[in-house]
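Geometric and topological summary
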Amino acid sequence: MTVQRAGSKPAASTSQRLLVAEATVVGALILALFVRELPSLRRELRIWRMAGGLRAGHRYP
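Figured I'd write up the structure that's included with this text. In this text the structure is predicted, and so the values were computed from the model without any measurement.

**A look at the overall build of the chain**
Secondary structure summary: the chain contains one helix and zero strands in total. A buried classification covers 5% of the 61 residues belonging to the chain. Accessible surface, the chain: about 6,200 Å² in total, of which carbon and sulfur atoms supply 65%.

**Section: a positive patch on the surface**
Together, Arg 42, Arg 43, Arg 46 and Arg 49 line one region of the surface with positive charge. For Arg 46, the position within the fold is in helix α1 (residues 11-50).

Conventions used here
Residues numbered from 1 in each chain as written. Predicted model: local features only at pLDDT ≥ 70, side-chain atom pairs only at ≥ 80, totals over all residues. Heavy atoms only, no water. Helix = DSSP H or I, 4+ residues; strand = E, 2+ residues; numbered from the N terminus. Buried < 20%, exposed > 50% of the residue type's maximum accessible area, 1.4 Å probe, protein only. Areas by Shrake-Rupley, 256 points an atom, 1.4 Å probe, with all protein chains shown as cover. Patch = residues over 30% accessible without salt bridge, like charges linked within 9 Å, V, L, I, M, F, W, Y side chains within 5 Å. Salt bridge = Lys/Arg side-chain N within 4 Å of Asp/Glu carboxyl O. Lys, Arg positive; Asp, Glu negative; His and termini not counted. Charge placed at Lys NZ, Arg CZ, Asp CG, Glu CD.

Functional significance is not addressed by these values, which are geometric in nature.
Put into structure tokens, the structure is as follows:
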């Protein structure tokens, strides 16, 4: 049986807060990478569409 002091928070709450903080940091990094690469993704999408997109089949390697 664990005894908890008055006013202290359980360890699960602290670990849960740490997990949420880590998830927030990872999410922010992924979002920053996506925003940074967005112009090049748009350019590649435009080239793919000019080459025929899904209708091009195996015409282009």
